[in-house]
Amino acid sequence: SLDYCVAKVPRWDLRKFGTVDPAVDSCMKSVGEVMSIGRTFEETIQKALRMVDESCTGFDAERFDQELLHRGLPVEMEHVKAELQKPSPTRIWSIAKGFELGLSVEEVHDLTKIDRWFLHKLHHIHRIKQTIKSMDFADLAGNETLMREAKRCGFADRQIAKDLKDTEKQATPPVSPLKADSGILGVEKYYSGRVREEHVRYLRKKMGIMPFVKQIDTLAAEFPAETNYLYLTYSGVEHDIHLSGHLAPFSLDGPLPPSPPRTKTKEIPSSRIVVLGCGPYRIGSSVEFDWCSVSCVKTLRGLGHDAIVINCNPETVSTDFDESDRLYFEELSHETVLDITELEKPDGVIISVGGQTPNNLAMGLHRNGCKILGTHVDSIDTCENRFKFSKLCDALRIDQPEWSEFLTVEEAFHFCKRAGYPVLVRPSYVLSGAAMRVVASDEELERFLRTAAVVSRDYPVVITKYISGAKEVELDAVGQQGELVNYAIAEHVENAGVHSGDASLLLPAQKLFVETHRRVKSIGQKLCRALNISGPFNVQFMCKENEVMVIECNLRASRSLPFISKTYNVNFINMATRIMLGLPTHPATIQPIDMDCVAAKVPVFSFSRLKNSDPRLGVEMQSTGEVACFGQNQYEAFLKAMLSAGFKLPTKNILISVGPSQQKTEILQYAKMLVDMGFQLYATKTTREFFMTQGGIGNVILAYKPGVHREPNVLNMLKQGKLDLVINVPDSMDSQALSEGFKMRRAAVDSGTPVLVEIKTAILVIMSLHRKWIRESAGKPFWSFKSWQEYIEPRETVNPLAALPSVA
């Protein structure tokens, strides 16, 4: 029988698109989803909301307060009612806000038309929350019934801690940290002051309130289920599987109980490793991190270890029933991971293959006694904290753009005046450039800081001088106790300033100086030694005129690692997993100079689904997918990848509208190539004048911008399908949908016309089209069609099934 409830909740990332229409309608806009399992609807929905947005604690009104602050609106009933009347990504949190402001279930039903059964369940969560908010820690300690009901309804420990009232701060005796082998993780005795998650965890364990592991019954109770689909719930009395962790409550004042001895039995293997998955797909974290997780799990199992996966994404391969030995469909949070590690007693936890979400848990898990495999968490924190990492680079004499940490707006303005605009504002612990922005004036900086403070107010924010015209290069590598084992250097097609997830990559790098290549590797080795890296890592560089500067370093698998592994036929995650287990590993042979092919990785965007979004590139990631293709040279590989991403080859008319004068000069010779190939060029006024006066290109037809009501008008030509390609390179960093350029780009997307907005991408497309035209004009083929095996010759790889000792 089905004794559990499952909720699937979509993940939207519409905040990344400042001009987009946030309405949820018949056109799909979500980029991922989560699956939550529990025994009550309240438990299931609260878990799902935390899974889909780690910044919220559950069904809380505070999440909607943040949304109103982001929009610059006051917290008033009219804005809440307006949100309730239309489906949106934040609608469920507006329901919580409506209840908080006094709306009844019936009033919310009238506004939303959501079934009353769901609203009554959500209102039950609200009533429990209000009761908790009226209490302090001592009151809750005397009300075990309320604590049990709160946990049964999906309240997280941090959610309860946030809602409890503080008591007056008093002098308290020091609390000695718990030993890692005590069997109890992440607890701390409460005396006074602000209640934290550790205090609530301590209290509920003293009360004997702990989650039970339940197994999804795929056989409807007709036969014993053997599936390894597991979840945690507080609506149970026993576990469905054999576990080795200590489960008994402990005395508030007495010593912590010892852990039971480990025994080798059929049910409890001698060696188990927990692997944290990627969570919901989102912009910046997608299937590439699931590939890393699955590769890690396969290596672990091949080496004889039991792999325990924690993930909440039903779309992933890592959540398939046969990929791991035990699968917990659970949220990636401190509380849940600590609960599972207490129950399972693993030999270690791997956090570096699931992307930024598990990486953000590193410090908390380590402080609470979890054994993190691979690079030490202090090194992870050094790289994630922008200020600490910049100080490390200074100490190692590694060049980086001029930077400064700031805590006040005045300090930020002072630095920007000295360094000069544009500048890059970079908060700490972010994924895919979230809350990262290039600003070009005092007004933009002041407006942006109000938003950034909401995202990461507990961490320092660094302002960096933005370097225009620099090439971006990435180093993906695997280290072993501070020594570089294997590495790969990829080159971005676009200049620095485009997020690495939105950039096109060429592998092997095609246009790097030998000295630049040498310095990139040397800096990677320096950082590897200084941080004592054991596992995967990624370093991003800006290179200009043989000057190499570091942008950032991530001590985890990067989104480009699957692309690199498949290009060189060397599984970097396989190698990194062996290193994290402490096993001997030999470098694989990689000779980029001997490769007979080039691989290109190109992003895929969803601007056509996002009404009113501006199809342009910047430091905040916007792509929702990627493709990779191989070719005999960079031109074939890149053009194949562009076609795979939805690009259509132009046949007749091309519009060029370039804002910056420097980039007009840069594209001039390539515009001549288009004329040589027989294309009819259209251009806006200043671009056309530049082509005619500076380049001597005579046959360029003037196309009027949308604001000029004359023909031929760009908007009408796009609507009538008269343009095959639009090359529009904007002037400013942030148009906010006010410019004529935005109207042209948006019209191109709406009409299904390919649009190129970055000068280097446009140039490489033109060069590729020209190479194709030359070869085909000479009667030679341009395209090559081979299998992956034919492109990539077999290379030495590490055998994961080699008989080697297990983890000590």
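A. Looking closely at the overall build of the protein chain. Each helix and strand counted, the protein chain has 28 helices and 24 strands in total. Expressed as a percentage of its 808 residues, the buried residues of the protein chain come to 58%. Within the protein chain, contacts between residues separated by at least 24 positions form 70% of all contacts whose residues are at least 6 apart in sequence. Per element, the accessible surface of the protein chain, about 33,600 Å² overall, is 51% carbon and sulfur.

B. Molecular detail of the packing of aromatic side chains. Taken as a whole and assessed by the stated rule, the structure comprises eleven aromatic pairs. Here F605 and F607 contribute two aromatic rings whose centre-to-centre distance is 5.2 Å and whose plane-to-plane angle is 10 degrees, an arrangement assigned as stacked. Judged by relative accessible area, F605 falls into the partly exposed class, the value being 27%. Note on F607: relative accessible area 10%, which makes it buried. Put simply, the rings of F17, F605 and F607 touch in pairs and so form one group of aromatic residues. One residue, R63, lies across the ring of W93, its end atom 5.1 Å from the ring centre. One Lys or Arg, K640, reaches over the ring of F785 and ends 5.6 Å from the middle of that ring.

C. Main features of the environment of A645. In this structure, A645 sits in the loop between α22 (634-644) and β20 (653-658). A residue is classified by how much of its surface remains accessible, and A645, at 27% relative accessible area, is partly exposed. Taking the C-alpha atoms as reference points, A645 and E626, 19 residues apart in sequence, are found 7.3 Å from one another. With sequence-adjacent residues up to four places away left out, A645 is seen in contact with V602, P603, V604 and V627.

D. Structural context of the packing of helix α4 (residues 91-100) against helix α5 (residues 105-112). Their axes nearest at 10 Å, the elements α4 and α5 cross at an angle of 145 degrees. As α4 runs across α5, the sense of the crossing is right-handed. Two secondary-structure elements touch here, α4 through R91, I95 and F99 and α5 through V105, V108, L111 and T112. Residue composition of the contact of α4 with α5, grouped by class: five nonpolar, one polar and one charged.

Thresholds, definitions, all that
- Residues numbered from 1 in each chain as written.
- Predicted model: local features only at pLDDT ≥ 70, side-chain atom pairs only at ≥ 80, totals over all residues.
- Heavy atoms only, no water.
- Helix = DSSP H or I, 4+ residues; strand = E, 2+ residues; numbered from the N terminus.
- Buried < 20%, exposed > 50% of the residue type's maximum accessible area, 1.4 Å probe, protein only.
- Contact = heavy atoms within 4.5 Å.
- Areas by Shrake-Rupley, 256 points an atom, 1.4 Å probe, with all protein chains shown as cover.
- Phe/Tyr/Trp six-rings, centres within 6.5 Å; stacked < 30°, edge-to-face > 60°.
- Lys NZ or Arg CZ within 6 Å of the ring centre and 35° of its normal.
- Axes fitted to C-alpha atoms, helices over the stretch in contact; angles between N-to-C directions.
- Left-handed = near helix turned anticlockwise from the far one by under 90°.
- Nonpolar A, V, L, I, M, F, W, Y, C, P; charged D, E, K, R; others polar.

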